[in-house]
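Notes for the structure review
So you can see what is in the structure, the chains are spelled out below.
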Amino acid sequence: MTTPADSADLPAGLFTTIDHVGIAVPDLREAIAFYELAFGITSVHEEINEEQGVHEAMLSVGDGETRIQLLAPLTPESAIARFIGRSGPGLQQLAFRVEDVDAASATLRARGMRLLYDRPRRGTAGSRINFVHPKDAGGVLVELVEPAADGS
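The following paragraphs examine the structure supplied in this document. (Residues numbered from 1 in each chain as written. Predicted model: local features only at pLDDT ≥ 70, side-chain atom pairs only at ≥ 80, totals over all residues. Heavy atoms only, no water.)

Considerations on the nonpolar core
By size, the foremost hydrophobic cluster in this structure holds twelve residues: Ile23, Val25, Leu28, Ala31, Ile32, Tyr35, Ile41, Ala57, Leu59, Ile68, Leu70 and Ala72. At the level of secondary structure, the elements contributing two or more residues to this core comprise helix H1 (28-39), strand E3 (54-61) and strand E4 (66-73). Not counting residues up to four positions away in its chain, the partners in contact with Ala57 are Leu28, Ile32, Ser43, His45, Glu46, Ile68, Gln69 and Leu70. Counting ten residues, the second largest nonpolar core, distinct from the first, contains Phe96, Val98, Ala104 and Leu144. (Core = buried A, V, L, I, M, F, W, Y, C linked by side-chain atoms within 4.5 Å. Buried < 20%, exposed > 50% of the residue type's maximum accessible area, 1.4 Å probe, protein only. Helix = DSSP H or I, 4+ residues; strand = E, 2+ residues; numbered from the N terminus. Contact = heavy atoms within 4.5 Å.)

Here's what the structure looks like:
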């Protein structure tokens, strides 16, 4: 991992903002209802992502730019089901928005980090995504999100 003393020569601006925080939940409907009733946060997008094995919802916070992603497993074999089995429901990932996921992935690889996929995959609402291995990011699963070209 790069230390602050090593970072003086690194380019700034790899991430544009925090895109969302992902939370693993066993039951999507129950979790959406909880966030709405407890915090007044509403779901603005839902979809099933077969490739990732999740039923997901994006919840809008405040002005709508900040999002919480609820992730429920589609099958007992999905990565989210395994996460819940190992760690229980809760914080699963921190996602940063990038302008170009291929370039960000290449930069992070050049810095010695492992990414989970050789090539970006489809994420929520047609975004392109990749993940930095938690062992290379201080124990945190870091997602890179390049929003879909249409801005959805």
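Brief notes about the layout of surface pockets
Taken as a whole, the largest pocket encloses approximately 610 Å³ of empty space. Considering the residues around the largest pocket, the lining is formed by 29 residues, among which Ala79, Ile80, Gln92, Phe131 and Leu141 are closest to the centre. With five residues, helix H2 (residues 79-87) is the single largest residue contributor to the lining of the largest pocket. Per-class residue counts for the lining of the largest pocket are 15 nonpolar, eight polar and six charged. (1 Å grid on protein atoms, 1.4 Å probe; cavity = no way out; pocket = protein on both sides within 12 Å on 5 of 7 lines; lining within 4 Å. Points joined across faces, edges and corners; volume = space filled by probe spheres on them. Nonpolar A, V, L, I, M, F, W, Y, C, P; charged D, E, K, R; others polar.)

Examining the environment of Arg128
As for its position among the elements, Arg128 is in strand E7 (residues 128-132). With 18 residues separating them along the chain, Arg128 and Glu146 place their C-alpha atoms 5.1 Å apart. Those residues in contact with Arg128 that sit more than four places away from it in its chain are Val101, Asp102, Pro120, Arg121, Leu144, Val145 and Glu146. Within polar-contact distance, the side chain of Arg128 engages the side chain of Asp102 at 2.9 Å. (Polar contact = N/O pair within 3.5 Å; in protein donor to acceptor, adjacent residues only side chain to side chain.)

What about the packing of aromatic side chains?
In total, this model carries five aromatic pairs according to the counting rule given. Between Phe34 and Phe39, the aromatic rings sit 5.5 Å apart at their centres with planes inclined by 90°, giving edge-to-face as the arrangement. For Phe34, a relative accessible area of 46% translates into the label partly exposed. Aromatic ring contacts, followed pair by pair, group Phe34, Tyr35 and Phe39 into a single cluster. (Phe/Tyr/Trp six-rings, centres within 6.5 Å; stacked < 30°, edge-to-face > 60°.)

Observations regarding unusual backbone geometry
Notably, Ala125 is not glycine yet its phi reads approximately 55°, a positive angle. Its location among the elements puts Ala125 in the loop between strand E6 (121-122) and E7.

Comments concerning the pairing of E3
When you tally the buried positions in E3, you get six out of eight residues, the bulk of the element. With seven bridges joining them, strand E2 (residues 42-49) and E3 adopt antiparallel strand pairing. Bridging from a neighbouring strand, Ser43 pairs with Leu59 of E3. Between the end of E2 and the start of E3, which pair antiparallel, lie four residues, with Gly53 showing a positive phi angle near 75°. Summarising the sheet, E3 and E4 pair through eight bridges and their orientation is antiparallel. For His55, the partnering residue across the bridge sits in E4 and is Ala72. (Pairing = 2+ DSSP bridges.)

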